[in-house]
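# Structure assessment
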Amino acid sequence: MREIEINREGHLMFAGADTVRLAEEYGTPLYVVDEGYIEERCREIKKTFIEKYPNANAVYASKALQTLDVCRTVSREGLGLDTVSGGEIYAALKAGVDPGKIVFHGNNKTPEEIRFAIDSNVGRFVADNEYELHLIDKIAGEAGKKAAVQLRVTPGVDSHTHKFISTGNIDSKFGISLEKETRNRIIKFAMESENIDLRGFHFHVGSQLMENDSHLMALDIVLNLIKDVKSELGFEAGELNLGGGFGVRYVDGEETVKVMDFTDPMMEKISGFCSSEGLILPQVFIEPGRWIVGNAGITLYTVGSIKEIPGIKTYVAVDGGMPDNPRPILYQAEYEAVVADKAGSAAGKTVSVVGKCCESGDVLIEKIAVADDIAGGDVLCVFTTGAYNYSMASNYNRIPRPAVVMVKDGKARLSVKRETWEDLISREI
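Numbering of residues starts from 1 in every chain and runs along the sequence as written. Residue-level local features of this predicted model are given only where pLDDT is at least 70; pairs of side-chain atoms are given and counted only at 80 or more, and the full residue set underlies all totals for whole chains, interfaces and linings. Each side-chain value is worked out from all heavy atoms of the structure, with water and hydrogens disregarded.

## Digging into the sheet that holds strand 2 (residues 12-14)
Two strands qualify as a pair provided DSSP detects at least 2 bridges between them. Secondary structure counts use DSSP, requiring at least four H or I residues in a row for a helix and at least two E residues in a row for a strand, with both numbered from the N terminus. With respect to topology, three strands assemble into an open sheet ordered 1-2-3, the strand pairing being antiparallel. Each edge of the sheet is formed by a strand with only one pairing partner; in this case those strands are strand 1 (5-6) and strand 3 (17-18). Sheet analysis places strand 1 next to strand 2, joined by two bridges and oriented antiparallel. By the bridge assignment for strand 2, Glu5 is matched with Met13.

## A short note on the packing of aromatic side chains
Note on aromatic pairs: each is described by the distance of the centres and the angle between the planes. Classification of ring pairs rests on two measures: the distance between centres of Phe, Tyr or Trp rings, Trp counted by its six-membered ring, which must be within 6.5 Å, and the angle between planes, read as stacked under 30 degrees, edge-to-face over 60 and tilted in between. Tallied over the full model, the rule gives seven aromatic pairs. Taking 6.4 Å as the distance between ring centres and 40° as the angle between the ring planes, the aromatic pair formed by Tyr90 and Phe116 counts as tilted. Placement of Tyr90 in helix 4 (residues 86-94) and of Phe116 in helix 5 (residues 111-119) is noted, with a sequence separation of 26 residues between them. Type-normalised accessible area, obtained with a 1.4 Å probe on protein chains alone, sets the label of each residue: buried when under 20%, exposed when over 50%, and partly exposed for intermediate values. Judged by its relative accessible area of 47%, Tyr90 falls in the partly exposed class. Between Phe104 and Phe125 the ring centres are 5.8 Å apart and the planes differ by 50°, which places this aromatic pair in the tilted class. Of this pair, Phe104 sits in strand 7 (residues 102-104) while Phe125 sits in strand 8 (residues 124-127), placing them 21 residues apart in sequence. Relative accessible area serves as the criterion here: at 0%, Phe104 is assigned to the buried category.

## Regarding the packing of helix 7 (residues 180-192) against helix 8 (residues 213-233)
To obtain each axis, a line is fitted to C-alpha atoms, and for helices this fit is confined to the stretch in contact; angles are then taken between N-to-C directions over 0 to 180 degrees. Relative orientation of the contacting elements helix 7 and helix 8 amounts to 65°, with a least axis distance of 11 Å. Taken together, the axis directions place helix 7 and helix 8 in an arrangement best described as roughly perpendicular. Regarding helix 7 and helix 8, the two cross each other, and that crossing is right-handed. Seen from helix 7, the contacting residues are Lys180, Arg183, Asn184, Ile187, Lys188 and Met191; seen from helix 8, they are Leu225, Asp228, Val229, Glu232 and Leu233. Looking at the contact of helix 7 with helix 8 residue by residue, the class counts come to five nonpolar, one polar and five charged. Working rule for angles: under 35 degrees goes down as roughly parallel, over 145 as roughly antiparallel, 65 to 115 as roughly perpendicular, anything else as oblique. Note: crossing handedness is left-handed where the near helix turns anticlockwise from the far helix by less than a right angle, and right-handed where it turns clockwise. Two residues qualify as a contact provided that any one of their heavy atoms is within 4.5 Å of a heavy atom in the partner residue. Following the grouping adopted for this structure description, the nonpolar residues are Ala, Val, Leu, Ile, Met, Phe, Trp, Tyr, Cys and Pro, the charged ones are Asp, Glu, Lys and Arg, and the polar ones are all others, Gly among them.

## Here we look at the pairing of strand 20 (residues 411-416)
Here strand 19 (residues 403-408) pairs with strand 20 via five bridges, running antiparallel. Along strand 20, the bridge assignment pairs Val407 with Ala412. Counted along the chain from strand 19 to the antiparallel partner strand 20, the turn is two residues long, and its residue Asp409 has a positive phi close to 50°.

Function-wise, these values are silent; they only describe arrangement.
Here is the structure:
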């Protein structure tokens, strides 16, 4: 179990705040986000990457957790924002993010989204496929603008992660094939278009990676692509986006990786390759998302029924579940937790933490040791829920989505209001 801070009342502390008091004040389920931790992550990226290397850039992969407050915090710390939909762009702009620092991803951008992005002057498009590239060209032409584009390519490497979040394989819905005829046709079109400013290439090999081997293998492939394209088509890439996927700690035996353990070897490889091949050193981007916000978040629940099946299992049910955290049922994700109001008690009772949905698979934690005297009404804290919990939340079983509270130095503020039952039907006719 991770190191935890406990106050005199035996309550779990988080970012200087009493989690039990947070649950009392704001209700449960409750997402709690440590703003100071997000700031620290951004500053570490600036120190070890942006300020360390010439032409180095970082854009926060906001799909991990996009609220107006998180957008403002990341932007204030000097990072750009990676978006994957018109809605994410809209929210980023509402938060005051510089549109020139917004990168627009996605494998099937709609004409409406592309038009909105162009009208909003977003800084980069990451074009995923040939169809989309032609669409960007057409819409940019109609607007009388030139769209800056990075082409996403599929390097064809195995990233040793869950197949649903492995994105660098040849058989992937993401990216352009590196088959010579295909890639050259697409690159040539982008070069010759009057409405596209082709900047370079992008790749992403997967998420929650603890080792850098797949990044380095993919980089070898893409660097050789850059060399070949210059020789064959006369295009020299001025930008190279390395993606993200840097892993964080969820359970015992894992540790949050250091971004520099990924970026330092990659930057060394890029520099050496460009020098030996006589290529310009490209502007390099990374896209950390989970790494910035994953460990910054916790979720607080209220314990309800406790069902003991003698000799088999004890079920502890909480007032949330798969609607506020679908990752266990999607990815078999594992979590650690503690009874927040009994954080100092011995954890000798093994239980299965389950949600309230009408689904047998609504299991948050399959097996975990909790306080022996856990009881209905206790507050349960699940750690490392900052990434892909709020952003993937649903209203299954007509369950309202939780509130989000930002905490810094012990001071809490409401960031996102809790949904109400009325909210659930507010758009219905």
